[in-house]
Amino acid sequence: MDTYAGLAVAGKRVLVRSDLNVPLDGGTITDDGRIRASLPTLQALSRAGARVVVTAHLGRPKGAPDPAYSLAPVAARLSELLEKPVAFATDTVGPSAQEVVAGLGDGDVALLENVRFNAGETSKDDAERGAFADELAALADAFVSDGFGVVHRKQASVYDVAQRLPHAMGGLVSTEIDVLRRLTETPERPYVVVLGGSKVSDKLGVIDNLLDKADSLLIGGGMVFTFLAALGHEVGTSLLEADQLDTCRDYLRRAEESGVRLVLPTDIVVSPTFPSGPGPHDATVVAADQMPADQMGLDIGPESAAAFAAALAPARTVFWNGPMGVFEVPEFAAGTRAVAQALTEIDGLSVVGGGDSAAAVRQLGFAEDAFGHISTGGGASLEYLEGKQLPGIDVLS
Ligand SMILES: Nc1ncnc2c1ncn2[C@@H]1O[C@H](COP(=O)(O)OP(=O)(O)O)[C@@H](O)[C@H]1O
Ligand SMILES: O=C(OP(=O)(O)O)[C@H](O)COP(=O)(O)O
């Protein structure tokens, strides 16, 4: 077979946008789930005789090279998992990329350096993004969009490049969409959505639409403190979106009016500083309306974890994005563990979405098949569930 999803790929240079945004500790990958999830598409293309050129991002560098966000460790892991060499270009579209792509034989795989080292990738200016997409497109004859975790981003390697090359949807994106569609069409009720994590400014907005769709919304992680502050409580040095207080008040009012349960934690695990380095770390449980001014909230407390588990027990459909606390550190992992455990016990469809949420359930020792589906995209899943148009999907049709 020399085609992939209807695209002629044999002997062609095929640019694949994957989401290889994995958690790193120093240069060590702490969870390679997203790399594993990218393999079937890359293997299928390679088997079909394509010259596979993978482009991806890591973290949020500021549009210029930054060694802390290099994809070099990812290239090494990708090579191990594919059991074949992966040529690594030390730039994204420059001389190294051009040389690496020119050196590929049929079936070979290369990875380009972090696409977000280029300001054009994430620019809001169409012309600047387009100019960078031109350079990316010049490296290939066709494009496969397989980075589900970024399909909600209107970025050059996701959106603009698809306008410049013959393109197809990758198998990972279509599998993810198939599962999520079940949650939007006829979710069995009660339908509970659990939100947490640290991308608060990105994800607070999704509550707007989810209030019309879910029966209960459970709020944990860094998302909590803007709500607590909106209720007039002290939140110390916790994550806070100070310009979203009115929005949170509006959500609380609408939830009350519409009968949707919007559940906030009643107790919080606090610490004087964000934990770094090996512990033990100072961790104290306080009431959510009595946080000390000089401490930060790093997990939901035990009473809240039990309440969240109880709210999840009758659910027939659950979507969860965003850890309940800084799960990477044992002192602040209990809330995330309790929610994960509750998801494994429901009688219905449980979906965990997001790079860190997926990493959390694996790191905390849960078997992947204990959940209905583990999605590689958190923000992307949430925006899909909201019913939003996703630029990276729309551009393919
Ligand atoms: N209270 C908190 N304060 C700061 N960071 C938090 C808090 N709770 C959770 N986090 C962090 O949120 C991160 C994951 O957030 P996010 O990227 O939104 O999730 P996902 O990748 O699953 O979509 C984790 O690294 C975790 O340590
Ligand atoms: O980690 C990701 O999303 P997620 O944390 O919502 O799962 C994706 O790689 C997208 O990254 P971005 O949110 O920096 O665009």
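What you see is a predicted model, and the numbers here were worked out from it, not measured in a lab.

## Here's the deal with the site of ligand 1
Turning to step 1, where the next piece is worked out: Around ligand 1, a shell composed of 21 residues is seen, among which K203, N321, E328, D356 and S357 lie nearest.
Turning to step 2, where the next piece is worked out: The backbone of G297 places a nitrogen or oxygen atom 3.0 Å from a nitrogen atom of ligand 1.
Turning to step 3, where the next piece is worked out: In this structure, G355 approaches ligand 1 through a main-chain N or O atom, which is 3.4 Å from an oxygen atom.
Turning to step 4, where the next piece is worked out: In isolation ligand 1 has 580 Å² of accessible area, and contact with the protein removes 91% of it.
Turning to step 5, where the next piece is worked out: If you list the elements that add at least two residues to the shell around ligand 1, you get strand 16 (296-300) and helix 13 (355-363).
Turning to step 6, where the next piece is worked out: Ranked by the residues each element gives to the shell around ligand 1, the list is headed by helix 13, at three residues.
Turning to step 7, where the next piece is worked out: For the shell around ligand 1, the residue count by class is six nonpolar, eleven polar and four charged.

## Description of the pattern of salt bridges
Turning to step 1, where the next piece is worked out: Counted according to the given criterion, the structure contains 23 salt bridges.
Turning to step 2, where the next piece is worked out: We note a salt bridge from R17 to E121, for which the minimum N-O separation is 3.9 Å. Linking R17 in strand 3 (residues 13-17) with E121 in helix 4 (residues 119-122), this pair joins segments that are 104 residues apart in sequence. For the pair formed by R17 and E121, the shared burial category is buried.
Turning to step 3, where the next piece is worked out: Between D250 and R253 there is a salt bridge, with its nearest N and O atoms 2.3 Å apart. Here the residue D250 and the residue R253 both occupy positions in helix 10 (residues 245-258), the gap between them amounting to three residues, near one helical turn.
Turning to step 4, where the next piece is worked out: Classification of R253 as partly exposed rests on a relative accessible area of 41%.
Turning to step 5, where the next piece is worked out: What you see here is one network of salt bridges that share partners, running through D208, D250, R253, R254 and E257.

## A short note on the nonpolar core
Turning to step 1, where the next piece is worked out: Ranked by internal contacts, the top residues of the largest apolar core, which has 48 residues, are I207, I219, F227, L262 and I268.
Turning to step 2, where the next piece is worked out: For this core, the element with the highest residue contribution is helix 9 (residues 224-230), accounting for six residues.
Turning to step 3, where the next piece is worked out: Excluding residues that lie within four positions of it along the chain, I207 makes contacts with L195, L217, I219, F227 and Y251.
Turning to step 4, where the next piece is worked out: Formed by 29 residues, the second largest nonpolar core is a distinct cluster that contains V9, L42, A142 and V144.

## What to know about the pairing of strand 16
Turning to step 1, where the next piece is worked out: Counting buried positions along strand 16 yields five of five residues, so the element is predominantly enclosed.
Turning to step 2, where the next piece is worked out: Strand direction decides the pairing type here: strand 14 (residues 267-271) and strand 16, joined by four bridges, are antiparallel. Looking across to strand 16, one finds that V270 is bridged to G297.

## Regarding the site of ligand 2
Turning to step 1, where the next piece is worked out: Near ligand 2, the surroundings consist of 16 residues, among which R60, R116, R153, K199 and G379 are the closest.
Turning to step 2, where the next piece is worked out: With respect to ligand 2, the side chain of R34 contributes an N or O atom lying 2.9 Å from an oxygen atom.
Turning to step 3, where the next piece is worked out: R153 places a side-chain nitrogen or oxygen 2.6 Å from an oxygen atom of ligand 2.
Turning to step 4, where the next piece is worked out: For ligand 2, whose accessible area on its own is 390 Å², the fraction buried by protein is 96%.
Turning to step 5, where the next piece is worked out: Of the residues in the shell around ligand 2, the class split is one nonpolar, eight polar and seven charged.

## Description of the UniProt feature "binding site: substrate" (unreviewed entry) in the protein chain
Turning to step 1, where the next piece is worked out: Under the UniProt annotation, the feature "binding site: substrate" (unreviewed entry) is placed at D19, L20, N21, R34, H57, L58, G59, R60, R116 and R153.
Turning to step 2, where the next piece is worked out: Along the chain, L20 falls in the loop between strand 3 and strand 4 (24-25).
Turning to step 3, where the next piece is worked out: If we ignore the near neighbours within four places in the chain, the residues touching L20 are R34, I35, S38, V54, A56, H57, L58, L71, V74 and L111.
Turning to step 4, where the next piece is worked out: The topology assignment puts R60 in the loop between strand 6 (51-55) and helix 2 (72-82).

## Observations concerning the pairing of strand 18 (residues 349-353)
Turning to step 1, where the next piece is worked out: The element strand 18 is extensively covered by neighbouring structure, given that five of its five residues are classed as buried.
Turning to step 2, where the next piece is worked out: Here strand 18 shows two buried faces, one formed by L349, V351 and G353 and the other by S350 and V352.
Turning to step 3, where the next piece is worked out: Here five bridges tie strand 17 (residues 317-321) to strand 18, and the two strands are oriented parallel to one another. Considered in strand 18, the bridge of N321 is made with G353.
Turning to step 4, where the next piece is worked out: Looking at chain direction, strand 18 and strand 19 (residues 373-375) are connected through three bridges and run parallel. Bridge pairing in strand 19 links G353 to S375.
Turning to step 5, where the next piece is worked out: Handedness of the crossover joining strand 18 and strand 19 through helix 13: right-handed.

## Re the packing of helix 11 (residues 302-312) against helix 12 (residues 334-345)
What describes two packed helices is the angle between their axes and the distance between those same axes.
Turning to step 1, where the next piece is worked out: The contact between helix 11 and helix 12 brings their axes to 9 Å, and the two run at 15°. On the basis of the axis angle, helix 11 is roughly parallel to helix 12. Once helix 11 is placed against helix 12, the crossing between them reads as right-handed. Facing helix 11, whose interface residues are A305, F308, A309 and L312, helix 12 presents G335, A338, V339, A342 and L343.
Turning to step 2, where the next piece is worked out: Grouping the amino acids of the contact of helix 11 with helix 12 by side-chain chemistry returns eight nonpolar, one polar and no charged.

## Things to note about the sheet that holds strand 7 (residues 86-89)
Turning to step 1, where the next piece is worked out: A sheet is described by the order of its strands in space; here six strands give the open sequence 7-8-6-3-9-10, paired in parallel fashion. Since the sheet does not close on itself, it has two edges, and those belong to strand 7 and strand 10 (167-169), each with one partner. Going across the sheet, the axis of each strand differs from the next one's by a mean of 25°, ignoring polarity.
Turning to step 2, where the next piece is worked out: As judged from the five bridges shared by strand 3 and strand 6, these two strands associate in the parallel manner. By the bridge assignment, R13 is partnered in strand 6 with R51.

Scoring rules and cut-offs
- Residues numbered from 1 in each chain as written.
- Chains lettered and ligands numbered in written order.
- Predicted model: local features only at pLDDT ≥ 70, side-chain atom pairs only at ≥ 80, totals over all residues.
- Heavy atoms only, no water.
- Near = heavy atom within 4 Å.
- Polar contact = N/O pair within 3.5 Å; in protein donor to acceptor, adjacent residues only side chain to side chain.
- Areas by Shrake-Rupley, 256 points an atom, 1.4 Å probe, with all protein chains shown as cover.
- Helix = DSSP H or I, 4+ residues; strand = E, 2+ residues; numbered from the N terminus.
- Nonpolar A, V, L, I, M, F, W, Y, C, P; charged D, E, K, R; others polar.
- Salt bridge = Lys/Arg side-chain N within 4 Å of Asp/Glu carboxyl O.
- Buried < 20%, exposed > 50% of the residue type's maximum accessible area, 1.4 Å probe, protein only.
- Core = buried A, V, L, I, M, F, W, Y, C linked by side-chain atoms within 4.5 Å.
- Contact = heavy atoms within 4.5 Å.
- Pairing = 2+ DSSP bridges.
- UniProt positions renumbered as here; feature names shortened; annotations may be inferred.
- Right-handed = clockwise from strand over helix to strand, strands pointing away.
- Axes fitted to C-alpha atoms, helices over the stretch in contact; angles between N-to-C directions.
- Parallel < 35°, antiparallel > 145°, perpendicular 65-115°, else oblique.
- Left-handed = near helix turned anticlockwise from the far one by under 90°.

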